[in-house]
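Topology and contacts: notes
The chain contents come next:
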Amino acid sequence: MSEASDPIFARIAARYDLINRVLSLGQERRWRSLGIDMLSPGTVLDLGCGTGATDFAGRTVVGLDPVIEMLVLSPVRDRVVGVGEALPFRDGAVDGVFSGFVFRNLTSIPETLEEIERVLRPGAAAVVVDLARPRNVLLRFVHRIGTAVILPLVGLVFARAPKEYWYLHRSLDSLPPPEQFFQGHTLIPERIWRMGLFGFVYGVRLRKPAS
Ligand SMILES: C[S@@+](CC[C@H](N)C(=O)[O-])C[C@H]1O[C@@H](n2cnc3c(N)ncnc32)[C@H](O)[C@@H]1O
């Protein structure tokens, strides 16, 4: 295993699951499992697996994450240190890819999508779940004010890490809406859905063409 590549996640690893539960009011497991239900049975890559909090409902799982401090907390047996931009797997190796709350943190989304496409078997699907801003302009404004206050406060109280959760607030504005940025890649966005308060959580199912 190599050194942690992301100091933010290394610092909050021990408190990560607790803060997630608080911030999502206990909903984050449901948001992930709605996405998991859309994957085929077989071997699934959990890309950016963190502490391994996702329930894969009996599928075989390989967890991948660059941050050892997160990875060591995972109960999953097969764990790999690595990044989405350079997946250490052969072409067509997996029956599905899941990525929960990772995409805002990637160095390169196009490179990661290319890698996901490469490691998926033909015809298989990937599901990405992540946070974004609400689609409605007014709700987006209210949400932006809310996260600027609530996220650093919860980070301070539960992990003495206000700066790290200020980063989370900032990251919500780092990408265009998912309805735009999943277009134009080889993986086909078959379905995009919104969840959570004001629809600030999204899921997308991406299909690799069969041939
Ligand atoms: C918010 S956590 C999500 C963890 C887990 N997937 C979950 O649902 O709770 C984001 C994770 O993405 C990982 N990460 C950051 N950059 C990454 C990259 N380039 N490739 C893969 N994972 C990355 C971080 O180390 C961290 O564990």
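Residues numbered from 1 in each chain as written. Predicted model: local features only at pLDDT ≥ 70, side-chain atom pairs only at ≥ 80, totals over all residues.

A closer look at the sheet that holds strand S5 (residues 120–131)
A sheet is described by the order of its strands in space; here 7 strands give the open sequence S3-S2-S1-S4-S5-S7-S6, paired in mixed fashion. A single partner strand is all that each edge strand has here, and the edge strands are strand S3 (78–81) and strand S6 (188–195). Each strand axis lies, on average, 15° off the axis of its neighbour in the sheet, ignoring direction. Two elements, strand S1 (residues 43–47) and strand S2 (residues 60–65), share 5 bridges in a ladder whose sense is parallel. Bridge assignment links leucine 47 to a residue of S2, and that residue is leucine 64. Packing of helix H3 (residues 28–36) onto the sheet brings it into contact with strand S4 (94–100), S5, S6 and strand S7 (201–207), and relative to S5 it is tilted by some 160°. (Pairing = 2+ DSSP bridges. Helix = DSSP H or I, 4+ residues; strand = E, 2+ residues; numbered from the N terminus. Axes fitted to C-alpha atoms, helices over the stretch in contact; angles between N-to-C directions. Contact = placed C-beta atoms within 7 Å.)

Here's the deal with helix H6 (residues 137–159)
For H6, spanning 23 residues, the distance from its first C-alpha to its last is 32 Å, which sits close to the expected 33 Å at 1.5 Å a residue. By the burial criterion, the buried members of H6 are Thr147, Leu151 and Gly155. The inward-facing, buried residues of H6 abut helix H2 (16–23) and helix H7 (162–171). (Expected span 1.5 Å × (residues − 1). Buried ≥ 20, exposed ≤ 12 C-beta atoms within 10 Å, placed from the backbone.)

Digging into the nonpolar core
Of all hydrophobic cores here, the largest spans 34 residues; its most connected members are Val44, Leu45, Val97 and Ala126. Those elements that place two or more of their residues in this core are S1, S2, S4, helix H5 (109–119), S5 and S7. It is S5 that contributes the most residues to this core, 7 residues altogether. Every residue in contact with leucine 45, bar those within four places of it in the chain, is listed here: Val62, Leu64, Val94, Val97 and Val119. Phe9, Ile12, Ala13 and Val67 belong to the second-largest nonpolar core, a separate cluster that totals 6 residues. (Core = buried A, V, L, I, M, F, W, Y, C linked by C-beta atoms within 7 Å.)

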